[in-house]
Amino acid sequence: MENTLFSATELPMRGGRVYHLDLLPEELAANVIVVGDPGRVPFLAGELLDHVEVDRSHRGFRTITGHAIETRQRVTITTSGIGVSSMEIVLNELVALNEFDFSSRRRKASWEPLSVVRVGTSGGLQPETDLGTLIVTDYGIGLDNTGLFYDVGIPDEECRLLERRVRTAIDEGVFENARFRGRFFPYAVRADSRMRVALEREALHLGVSCKRGITVTSPGFFIEQGRAIVRLVPTASDLVERLAAVDTGIAGLKIENMEMEASILLHILGAIGYRSGVICAVIDKKNEGSFRTDYQECMRDGGRIALRAFLALQPARH
């Protein structure tokens, strides 16, 4: 694999830079925070970084690399955009930046794994979890199809159990003659245990409200998450409520939140040995009809926790 030459169609570049993120390999740090909204990149950079080296925007993606004020580590903050398909693009380009020699278009003989944390927002599924709580993902469930195109072995038996129970919960909400009945295939993933523990520990040290839980990744924002704006009937009725009620079979863990990018991040990066994790603030709760728009402090807390977790797991690489 190291000697394979990747063509211009397999590894697209633009002026010697990876195509979508518009970055050179040396502009990527070993520690990466990924956020959804491009606007969160300069916000977090302004709160957490100094000595900015790189600030680049292309095709809706924003990336800033600098040094963390608190931990002094070199870190990259970049955006994934909205949804699994956009995150999949970013993940592949991060891997290319880390593992490839761009001059030869070949994979390097060796490289160090990246540490990558998604810091984001999510909807809360459990009534007892307050708005503003940060959820550290232990297991994830992907309702998207993108993950199915990456042939990754099942992480553990708990994942196998989750896949079966979540699929049953979805199927029970699909009416008899629905066109897509029986075509939902959720896949389960797990965060890197070292990263998950580090995120929980650093949240505790900072006194930030935090819970460990299971995160569902939705392929869309509206009807999949109970927002029936268009005049169409959902294939799976009461999906959010059904997922919230799933008996996960894992002691102490409930399906806590739903967002739109975590599953593919943990699926891909976990399979290739990168240290990956997810920490998302609960900013809306369907059971309460509440939606919080002033979540900047939650993002800042999540970013600080990620930086401290990076420091706990590995020394800075320059």
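Quick look at the structure, then. Just so it is clear, the model here is predicted, and its values are computed rather than measured.

What counts as what
- Residues numbered from 1 in each chain as written.
- Predicted model: local features only at pLDDT ≥ 70, side-chain atom pairs only at ≥ 80, totals over all residues.
- Heavy atoms only, no water.
- Helix = DSSP H or I, 4+ residues; strand = E, 2+ residues; numbered from the N terminus.
- Rg over C-alpha atoms; globule rule 2.2 N^0.38 Å.
- Buried < 20%, exposed > 50% of the residue type's maximum accessible area, 1.4 Å probe, protein only.
- Contact = heavy atoms within 4.5 Å.
- Areas by Shrake-Rupley, 256 points an atom, 1.4 Å probe, with all protein chains shown as cover.
- Core = buried A, V, L, I, M, F, W, Y, C linked by side-chain atoms within 4.5 Å.
- Axes fitted to C-alpha atoms, helices over the stretch in contact; angles between N-to-C directions.
- Left-handed = near helix turned anticlockwise from the far one by under 90°.
- Phe/Tyr/Trp six-rings, centres within 6.5 Å; stacked < 30°, edge-to-face > 60°.
- Pairing = 2+ DSSP bridges.
- Expected span 1.5 Å × (residues − 1).
- Patch = residues over 30% accessible without salt bridge, like charges linked within 9 Å, V, L, I, M, F, W, Y side chains within 5 Å.
- Salt bridge = Lys/Arg side-chain N within 4 Å of Asp/Glu carboxyl O.

With that out of the way, let us pick up the overall build of the protein chain. Helices and strands together make up the secondary structure of the protein chain, namely seven helices and 15 strands. Its C-alpha radius of gyration of 19 Å places the protein chain within 12% of the 20 Å reference for a compact globule of 318 residues. Along the longest, intermediate and shortest principal axes, the C-alpha atoms of the protein chain span 55 × 45 × 40 Å. Taken over 318 residues, the protein chain has a buried fraction of 53%. Here the analysis covers contacts within the protein chain between residues at least 6 apart in sequence; of these, 77% occur between residues at least 24 apart. When the accessible area of the protein chain is evaluated, it comes to approximately 14200 Å², of which 51% is carbon and sulfur surface.

Right, let's talk about the nonpolar core for a bit. Residues Leu-21, Leu-94, Leu-265 and Leu-269 are the most contacted members of the largest nonpolar core, which totals 34 residues. Counting residues per element, the ones that place at least two in this core are β3 (31–35), α2 (84–99), β11 (187–190), α6 (262–271) and β14 (275–285). The greatest single-element share of this core, amounting to eight residues, is contributed by α2. Leu-269 has contacts with Leu-91, Val-95, Val-116, Tyr-274 and Ser-276, leaving out every residue within four places of it along the chain. Of all hydrophobic cores here, the second largest spans 31 residues; its members include Ile-77, Ile-283, Tyr-295 and Ala-306.

All right, on to the packing of helix α1 (residues 40–48) against helix α7 (residues 296–313) then. Viewed as axis vectors pointing N to C, α1 and α7 meet at an angle of 65°, and their least axial separation amounts to 10 Å. The interaxial crossing formed by α1 with α7 has right-handed handedness. Between α1 and α7, the residues in contact are Arg-40, Phe-43, Leu-44, Glu-47 and Leu-48 and Gln-296, Met-299, Arg-300, Gly-303, Arg-304 and Leu-307, respectively.

Moving on to unusual backbone geometry. Despite not being glycine, His-51 has its phi angle at roughly 50°, a positive value. Tracing the chain through its elements places His-51 in strand β4 (residues 49–58). In this structure His-51 comes out as exposed when scored by relative accessible area, which is 57%. The backbone of Asp-238 shows a phi angle near 50°, a positive value even though the residue is not glycine. By secondary structure assignment, the location of Asp-238 is in the loop between β12 (210–217) and α5 (239–244).

With that settled, consider the packing of aromatic side chains. On inspection of all chains with the given rule, the structure shows two aromatic pairs. For the ring pair Phe-6 and Phe-100, a centre distance of 4.8 Å and an interplane angle of 85° mean the geometry is edge-to-face. Within this pair, whereas Phe-6 is found in the segment before β1 (13–14), its partner Phe-100 is found in strand β7 (residues 100–101), the two being separated by 94 residues in sequence. Judged by its relative accessible area of 6%, Phe-100 is buried. Relative to Phe-222, the ring of Phe-221 has its centre 5.0 Å away and its plane inclined at 80°; by these criteria the two rings are edge-to-face.

As paired elements, β4 and strand β5 (residues 61–68) share seven bridges and run antiparallel to each other. Bridge pairing in β5 links Ser-57 to Arg-62. In this antiparallel pair of consecutive strands, β4 and β5, the connection spans two residues, and Arg-59 shows a positive phi of 55°.

Quick look at α7 now. Over its 18 residues, α7 extends 26 Å from the first C-alpha to the last, a length consistent with the 26 Å expected when each residue adds 1.5 Å. Those residues of α7 not exposed but buried are Cys-298, Met-299, Asp-301, Gly-302, Gly-303, Ile-305, Ala-306, Leu-307, Ala-309 and Phe-310.

Right, let's talk about the environment of His-51 for a bit. Put simply, His-51 and Gly-66 are 15 residues apart on the chain and 5.5 Å apart in space, counted from C-alpha to C-alpha. Ignoring sequence-local partners within four residues, the contact set of His-51 consists of Thr-65, Gly-66, His-67 and Arg-72.

Residues Phe-221, Phe-222, Ile-223, Ile-229, Val-230, Leu-232 and Phe-291 make up a contiguous nonpolar surface patch of roughly 710 Å² in combined accessible area. With respect to the helices, strands and loops of the structure, Phe-291 is situated in strand β15 (residues 290–291).

Pairs can form between side chains of opposite charge once their charged atoms are near each other. Inspection of the entire model under this criterion finds 31 salt bridges. With a closest N to O distance of 3.4 Å, Glu-288 and Lys-285 form a salt bridge. Sharing partners across several salt bridges, the network here consists of Asp-138, Asp-156, Arg-190, Arg-196, Glu-200 and Arg-212.

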